[in-house]
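One-letter residues, chain by chain:
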Amino acid sequence: MQINGSTRIAAVFGDPIAHTASPAMHNAAFAACGLNWAYIACRVDPQKLRSALYGARDLGFAGVNLTVPHKVLALEIVDDVDPEARQLGAVNTVVFEPSGRMRGYNTDGYGFTKALAEDFGFNPTGRRILIVGAGGAGRALATKCVLEGAGKVYLANRTAAKLDTMRERCHVLSLAEVPAVLDDVELIVNATSVGLKPGETLNLKPGGRHLVYDTIYNPPETELLRAAKATGARAANGLSMLLHQGARAFELWTQQTAPVDVMRGALRQAVYGDER
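Residues numbered from 1 in each chain as written. Predicted model: local features only at pLDDT ≥ 70, side-chain atom pairs only at ≥ 80, totals over all residues. Heavy atoms only, no water.

Peer 1: Explain helix α1 (residues 22–32) to me, and be specific about the residues and the numbers.
Peer 2: For α1, the full list of buried residues reads Ser22, Pro23, Met25, His26, Asn27, Ala29 and Phe30. For α1, the elements touching its buried residues are β1 (8–14), β2 (37–43), β3 (63–66), α7 (239–254) and α8 (260–272). Count one or two residues on from α1 and you reach glycine 34, which has phi positive near 70 degrees. (Buried < 20%, exposed > 50% of the residue type's maximum accessible area, 1.4 Å probe, protein only. Helix = DSSP H or I, 4+ residues; strand = E, 2+ residues; numbered from the N terminus. Contact = heavy atoms within 4.5 Å.)

Laid out in structure tokens, this is it:
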């Protein structure tokens, strides 16, 4: 890839952002499709998200992805919100349209359900699911499961009082209440940032019959995933979700079909050091 005066820029905004593998995935996709585009990662303080988004638009960026802690904040900044993003309550992909308007989408829900199908052969319809974490990602994933017809969705946060807006959709819990519902669920999802740093733990104790999905992908194996595998539970990290939400974002920006296999190989190389 050679950057020149015609190169279009896309980016991911987050805080923290050093762990992201998105540039490897998207730059490989742009190269595979012969696009003169480049993708960069930017650490953006949440208090500066509005000015960062307007700055990216004014600099001619094609679009941006948003990660922690920006997904809910963006709902009130972008000009137009796609209906599914509005339902899910979070924006993780922004398209800067030729008119100058910013349109917000959510590709996390799509990526999540694709990842569950790919990793576990799991369809949320009629199933019992526990999601831990009530930030933009957790609320979006819980809502996606409800929209997909899940039998029961538990949404847990450190304090359940912060989940009042979700009570009509989910069974809300404090983290202290989680052990009491573990026997009732089939799938456990970590949608918090706990596990990004060594030594962090959610103190969850999955059993061998559970499916365990951690949206964190770097490090590849968190404490939660180690605990799950020790019991014989099937477990997967968030690389597959990152892949599929990224593929959808690529298509929104470029209007081309995403080269998913190329993106998968680039992610595995970036995170695992190989393309297994």
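Moving on from the coordinates now.
Peer 1: Explain the pattern of salt bridges to me, and be specific about the residues and the numbers.
Peer 2: Between side chains of opposite charge, pairing is possible as soon as their charged atoms come close. Applying the stated rule across the entire model yields 14 salt bridges. Between aspartate 108 and lysine 71 there is a salt bridge; the shortest N-O distance is 2.6 Å. Separated by 37 residues along the polypeptide, aspartate 108 in helix α4 (residues 108–120) and lysine 71 in the loop between β3 and β4 (80–81) bring together distant segments of the chain. Overall, the relative accessible area of 4% leaves aspartate 108 in the buried class. (Salt bridge = Lys/Arg side-chain N within 4 Å of Asp/Glu carboxyl O.)

Peer 1: Just give me the short version of unusual backbone geometry, but keep the residues and values in it.
Peer 2: If a residue is not glycine, its phi is most likely negative; likewise, a peptide bond is most likely trans. Going from valine 68 to proline 69, the amide bond is cis rather than trans, its omega being 5 degrees. Following the sequence through the fold, proline 69 ends up in the loop between β3 and β4. Omega for the bond connecting asparagine 218 with proline 219 falls within 30 degrees of zero, at 20 degrees, which places this linkage in the cis form. Tracing the backbone shows proline 219 in the loop between β11 (211–214) and α6 (223–230). One non-glycine residue, asparagine 203, adopts positive backbone phi at about 60 degrees. Along the chain, asparagine 203 turns up in the loop between β10 (187–190) and β11. Given the relative accessible area of 56%, asparagine 203 is considered exposed. Although it is not a glycine, glutamine 255 sits at a positive phi angle of roughly 60 degrees. Along the polypeptide, glutamine 255 turns up in the loop between α7 and α8.

Peer 1: Explain the packing of α1 against α7 residue by residue, including any values.
Peer 2: If you want to describe how two helices pack, look at the angle between their axes and the distance between the axes. Their axes nearest at 11 Å, the elements α1 and α7 cross at an angle of 45 degrees. Classed by the angle they form, the pair α1 and α7 counts as oblique. In the crossing of α1 with α7, the sense of the turn from one axis to the other is right-handed. In this structure, α1 contributes Ser22, Met25, His26, Ala29 and Phe30 to the contact, and α7 contributes Leu242, Leu243, Gln245, Gly246, Phe250, Trp253 and Thr254. (Axes fitted to C-alpha atoms, helices over the stretch in contact; angles between N-to-C directions. Parallel < 35°, antiparallel > 145°, perpendicular 65-115°, else oblique. Left-handed = near helix turned anticlockwise from the far one by under 90°.)

Peer 1: Lay out the sheet that holds β10 with the relevant residues and their values.
Peer 2: In sheet architecture, strand pairing relies on hydrogen bonds along the backbone and comes in two forms, parallel and antiparallel. Strand order in the open sheet made by the six strands is β9-β8-β7-β10-β11-β12, with parallel pairing throughout. Of all strands in the sheet, those bounded by a partner on one side alone are β9 (171–174) and β12 (234–236). For this sheet, the mean angle separating the axes of adjacent strands, direction not counted, is 20 degrees. Note that strand β7 (residues 128–132) and β10 share four bridges and pair parallel. Along β10, the bridge assignment pairs valine 132 with asparagine 190. Taken strand by strand, helix α5 (residues 136–147) contacts β7, β8 (152–157) and β10, and its axis lies near 170 degrees from that of β8. (Pairing = 2+ DSSP bridges.)

Peer 1: Residues and numbers for the nonpolar core, please.
Peer 2: Within the largest apolar cluster, 26 residues are counted, with the highest numbers of intra-cluster contacts made by Phe30, Phe250, Trp253, Met263 and Leu267. Those elements that place two or more of their residues in this core are β1, α1, β2, α7 and α8. Looking at which element gives the most residues to this core, the answer is α7, with eight residues. Each residue touching tryptophan 253, except ones within four places of it in the same chain, is listed here: Ala10, His26, Trp37, Tyr39, Ala62, Gly63, Val64, Asn65, Thr93, Val94 and Val95. The next biggest cluster of nonpolar side chains, apart from the first, holds 25 residues, and it includes Ile129, Ala134, Leu155 and Met166. (Core = buried A, V, L, I, M, F, W, Y, C linked by side-chain atoms within 4.5 Å.)

Peer 1: Account for the side chain of histidine 244, naming residues and giving values.
Peer 2: Following the sequence through the fold, histidine 244 ends up in helix α7. When its relative accessible area of 6% is taken as the criterion, histidine 244 is described as buried. Discounting residues that sit within four places of it in the chain, histidine 244 has contacts with Tyr110, Gly111, Lys114, Ala115, Glu118, Val260 and Arg264.

Peer 1: With reference to specific residues and values, describe the packing of aromatic side chains.
Peer 2: This structure, assessed with the given rule, holds five aromatic pairs. Between phenylalanine 30 and tryptophan 37, the aromatic rings sit 5.3 Å apart at their centres with planes inclined by 45 degrees, giving tilted as the arrangement. Here the two residues phenylalanine 30 and tryptophan 37 agree in accessibility, since each one is buried. Their ring planes at 85 degrees and their centres at 6.4 Å tell us that phenylalanine 120 and tyrosine 213 sit as a pair that is edge-to-face. Taken together, the positions of phenylalanine 120 in helix α4 and tyrosine 213 in strand β11 put the pair 93 residues apart, joining distant regions of the chain. The class for phenylalanine 120 is buried, based on a relative accessible area of 9%. For tyrosine 213, a relative accessible area of 0% translates into the label buried. Three or more aromatic residues link up through ring pairs in this structure, and these residues are Phe30, Trp37 and Phe250. Here arginine 8 stacks its cationic end above the ring of tryptophan 37, 5.4 Å away from the centre of that ring. (Phe/Tyr/Trp six-rings, centres within 6.5 Å; stacked < 30°, edge-to-face > 60°. Lys NZ or Arg CZ within 6 Å of the ring centre and 35° of its normal.)

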